[in-house]
Amino acid sequence: MPRNGSDDALRRSSTAVTAVEGLLAYAQTQRRWGRGAIRSVDRAIAMSRALVAEAPEHTPLLARALRTAARLHLRRGRPGEALPLAEEAAGLARRSGGAALVPYLRCLAEVCQSLHRYGDAVALMSEADDLPPPP
């Protein structure tokens, strides 16, 4: 029996989302200085970008992958590498706004604080505090 093309695309998309989720989970469990975590999160970002190119509803997954990468770099003492990732993640999360934006703003604030950009960090935390709580 022939398969419906849209069903195949949905199945591929679902498989890719599961793969990205697995890569992000793996990256968060790796040793602080191991290279496996960075490779995994970089691959998750690349896969997420491809998913967003096909279907924009995967944008929150890309934002989460970017935030995970930023936090990983920050944990390794590399706030300069974390900054563009955290900025992009927060920018993507701003599209949906609301309470879902809070962890992205806090991540970006933490990166700014690590870079001694205290004014930016305070402004971001104030913005996060002003958002409505999750339902």
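Just above sits the structure.
All values derive from a computational prediction rather than experimental measurement.

J.: Looking at this structure, I do not really get the overall build of the protein chain. What am I missing?
T.: Helix and strand counts for the protein chain stand at six helices and zero strands. Counting from the amino terminus, helix and strand elements in the protein chain follow one another as α-α-α-α-α-α. For the protein chain, the residues scored as buried account for 41% of the 135 residues in total. Restricting to contacts in the protein chain with at least 6 residues of sequence separation, those with at least 24 account for 56%. Per element, the accessible surface of the protein chain, about 8000 Å² overall, is 55% carbon and sulfur.

J.: Could you clarify how one ought to interpret the pattern of salt bridges in this entry?
T.: Note on pairing: side chains with opposite charge can pair once their charged atoms come close. Enumeration over the complete set of coordinates arrives at six salt bridges. Glu-21 is the salt-bridge partner of Arg-64, the closest N and O atoms lying 2.5 Å from each other. Note that Arg-64 is positioned in helix H3 (residues 59-75) and Glu-21 in helix H1 (residues 5-29), a separation of 43 residues in sequence. Overall, the relative accessible area of 32% leaves Glu-21 in the partly exposed class. With a shortest N-O distance of 3.5 Å, Arg-106 and Asp-129 are connected by a salt bridge. Residue Arg-106 is found in helix H5 (residues 102-114), and its partner Asp-129 is found in helix H6 (residues 118-130); the two are separated by 23 residues along the sequence.

J.: Got a minute to help me understand the nonpolar core in this structure?
T.: A general trend in soluble globular proteins is that nonpolar side chains are found buried together. Ranked by internal contacts, the top residues of the largest apolar core, which has 41 residues, are Ile-45, Leu-66, Tyr-104 and Leu-108. When contributions to this core are tallied by element, the ones reaching two or more residues are H1, helix H2 (35-54), H3, helix H4 (79-94), H5 and H6. At nine residues, H3 tops the list of elements feeding residues into this core.

J.: In this structure, what is going on with the packing of aromatic side chains? I would like to understand it.
T.: Pairs of aromatic rings are described using the distance from one ring centre to the other and the angle between the two planes. The final tally for this structure, using the stated rule, is zero aromatic pairs. In this structure, Arg-67 packs its charged tip against the face of Tyr-104, placed 4.6 Å from the ring centre.

J.: Explain the side chain of Thr-59 to me, please; I cannot follow it from the model alone.
T.: Structurally, Thr-59 is set in helix H3. Classification of Thr-59 by relative accessible area gives buried; the value is 11%. Apart from residues lying up to four places away in sequence, Thr-59 is in contact with Val-52, Leu-92 and Arg-95.

J.: When you look at the layout of surface pockets in this model, what are you seeing that I'm missing?
T.: Empty space left among the atoms is revealed by rolling a probe the size of a water molecule over them. One number sums up the size of the largest pocket: a volume of about 170 Å³. A per-element tally of the lining of the largest pocket places H3 first, with seven residues. Looking at the lining of the largest pocket, its residues break down into two nonpolar, two polar and five charged.

J.: Looking at this structure, how should I read the environment of Ser-48?
T.: Within the secondary structure layout, Ser-48 lies in helix H2. It is 7.7 Å that separates the C-alpha atoms of Ser-48 and Val-17, two residues lying 31 residues apart in sequence. Ser-48 has contacts with Val-20, Leu-61, Leu-62 and Ala-65, leaving out every residue within four places of it along the chain.

J.: Where do I start with unusual backbone geometry in this structure?
T.: Leave glycine aside and you will find that most residues have negative phi; peptide bonds, for their part, are mostly trans. Unlike most non-glycine residues, His-116 shows phi in positive territory, near 65 degrees. Relative to the helices and strands, His-116 resides in the loop between H5 and H6. The exposure class of His-116 is exposed, given its relative accessible area of 56%.

Rules used in this analysis
- Residues numbered from 1 in each chain as written.
- Predicted model: local features only at pLDDT ≥ 70, side-chain atom pairs only at ≥ 80, totals over all residues.
- Heavy atoms only, no water.
- Helix = DSSP H or I, 4+ residues; strand = E, 2+ residues; numbered from the N terminus.
- Buried < 20%, exposed > 50% of the residue type's maximum accessible area, 1.4 Å probe, protein only.
- Contact = heavy atoms within 4.5 Å.
- Areas by Shrake-Rupley, 256 points an atom, 1.4 Å probe, with all protein chains shown as cover.
- Salt bridge = Lys/Arg side-chain N within 4 Å of Asp/Glu carboxyl O.
- Core = buried A, V, L, I, M, F, W, Y, C linked by side-chain atoms within 4.5 Å.
- Phe/Tyr/Trp six-rings, centres within 6.5 Å; stacked < 30°, edge-to-face > 60°.
- Lys NZ or Arg CZ within 6 Å of the ring centre and 35° of its normal.
- 1 Å grid on protein atoms, 1.4 Å probe; cavity = no way out; pocket = protein on both sides within 12 Å on 5 of 7 lines; lining within 4 Å.
- Points joined across faces, edges and corners; volume = space filled by probe spheres on them.
- Nonpolar A, V, L, I, M, F, W, Y, C, P; charged D, E, K, R; others polar.

Structural measurements only, silent on function.
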